Amino acid sequence: MRKFLITAAVLVALIVGVGLYFARQAAELGVEAVTEDVAMITGFGGNVGVVRTGAGTVIIDTMTFQFQGDAIREQAEALTGEPVVMIVNTHYHSDHTHGNPAFAASTRVVATDRTAEYLREFDADYWAGEAAALLPNETFGHERTIRIGGKTVRLLHPGRGHTGGDLVAWIEEDNVLHMGDLYFNRLYPNIDLEAGGSVREWSGALDVVMAAFPGARIIPGHGPLSDEQGLRGFQAFITELAAVGQDAAAAGKSLDETLRDADLTADAGYEPLFEVPLIGGLNREFVITRAWEEATGAVQ
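Quantities reported herein were computed from a predicted structural model and do not represent experimental measurements. (Residues numbered from 1 in each chain as written. Predicted model: local features only at pLDDT ≥ 70, side-chain atom pairs only at ≥ 80, totals over all residues. Heavy atoms only, no water.)

Visitor: For the pairing of strand 6 (residues 108–112), give the residues involved together with the corresponding values.
Guide: Of all five residues in strand 6, four are buried; the element is thus mostly enclosed. With three bridges connecting them, strand 5 (residues 84–88) and strand 6 associate as parallel partners. In the sheet register, methionine 86 faces strand 6, and the bridge partner there is arginine 108. Judged from the three bridges that link them, strand 6 and strand 7 (residues 138–140) form a sheet pairing that is parallel. Considered in strand 7, the bridge of threonine 112 is made with phenylalanine 140. Each parallel crossover has a hand, and the one from strand 6 via helix 4 (residues 113–122) to strand 7 is right-handed. (Buried < 20%, exposed > 50% of the residue type's maximum accessible area, 1.4 Å probe, protein only. Helix = DSSP H or I, 4+ residues; strand = E, 2+ residues; numbered from the N terminus. Pairing = 2+ DSSP bridges. Right-handed = clockwise from strand over helix to strand, strands pointing away.)

Visitor: Describe the nonpolar core, and please don't skip the residues or the numbers.
Guide: Formed by 34 residues in total, the largest nonpolar core has its most connected members in Val168, Leu177, Met179, Leu206, Phe234, Phe237 and Leu241. For this core, the secondary structure elements donating two or more residues are strand 10 (168–171), strand 11 (176–184), helix 5 (199–212), helix 6 (228–251) and helix 8 (284–296). A per-element tally of this core places helix 6 first, with seven residues. The contact partners of leucine 206, leaving out residues within four places of it in the chain, are Met179, Leu182, Leu231, Phe234 and Gln235. (Core = buried A, V, L, I, M, F, W, Y, C linked by side-chain atoms within 4.5 Å. Contact = heavy atoms within 4.5 Å.)

Visitor: Account for the sheet that holds strand 9 (residues 151–156), naming residues and giving values.
Guide: Taking strand neighbours across the sheet as the criterion, the five strands line up as 8-9-10-11-12 in an open arrangement whose pairing is mixed. Two strands close off the open sheet at either side, each with one partner strand: strand 8 (143–148) and strand 12 (217–222). Taking each pair of neighbouring strands and ignoring which way they run, the sheet shows an average axis angle of 20°. As paired strands, strand 8 and strand 9 are joined by six bridges and run antiparallel to one another. Bridge pairing in strand 9 links threonine 145 to arginine 154. (Axes fitted to C-alpha atoms, helices over the stretch in contact; angles between N-to-C directions.)

Visitor: How would you explain the packing of aromatic side chains if you had to name every residue and give the values?
Guide: A full pass over the atoms with the stated rule returns 13 aromatic pairs. Measuring from ring centre to ring centre gives 4.8 Å for phenylalanine 237 and tyrosine 270, while their planes differ by 45°; the resulting arrangement is tilted. Taken together, the residues phenylalanine 237 in helix 6 and tyrosine 270 in the loop between helix 7 (255–261) and strand 13 (275–276) connect sequence positions 33 residues apart. For the pair formed by phenylalanine 237 and tyrosine 270, the shared burial category is buried. (Phe/Tyr/Trp six-rings, centres within 6.5 Å; stacked < 30°, edge-to-face > 60°.)

Visitor: Can you lay out the pairing of strand 1 (residues 30–33) for me, pointing to particular residues and giving the numbers?
Guide: Where strand 1 lies against strand 2 (residues 38–42), four bridges are found, and the strand directions are antiparallel. When the sheet's bridge partners are listed, glycine 30 is paired in strand 2 with threonine 42. What sits between strand 1 and strand 2 in their antiparallel hairpin is a turn of four residues.

Written as structure tokens, this is what we have:
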């Protein structure tokens, strides 16, 4: 019994310590100017785009917690001198949407049709009650162009990749592109096969993006500010990862064999977005597993 109590105490201390660490991380926000009217807010969760339009502020993604949303709203309005009038959610994951309820219930919230569906299907508990007012209230299938003040915001769903419903947001006058999680810059990505994501189709979606918005400054979903060259490097990694899964499926390899034999080199210098001892994380093993699961049909 004493041994059990000591083990339990250690586990509780570990959980509390991890919780405090992540809480401290979540409370810290950084700001990087991209152009005179566009900025990137960084912190625990996905990168946030801030756009001054002359007729209100546009926010692209809102991080993980409502208190982060409060801080994002305050920081953004201080940067632009304009109230937030529109939120764009690039996809449904909590680290890009759970800050939404910090904004006024009248705020325009734009996303793809599939993202709205995924929020209701996979995350319904969070969006119950008052939070429901900040679910997407304007959705589209493939493309939407929105004019606010002096800015043109073009939203495009280029195809399957990270999920089945991701959009990218291009600020035309500044030639700045927010990629959401269709681009993890030098980090191993999440691949949400259960919500329509696809390793196999991801590279094609990136081709659509680069053809539509050449030469843009790029805000990735995670990682530092980037450009088209950086995005092409990520595409090379995704293409190679898809081939790892397809080759394994063709050879009838098990997951363990695929993890052991994977010919994956385009991820040199990549780092996990996070890792939790005994649980795992977004790391090399995770992405190879997802590629194998899709290619073999282990996950439909």
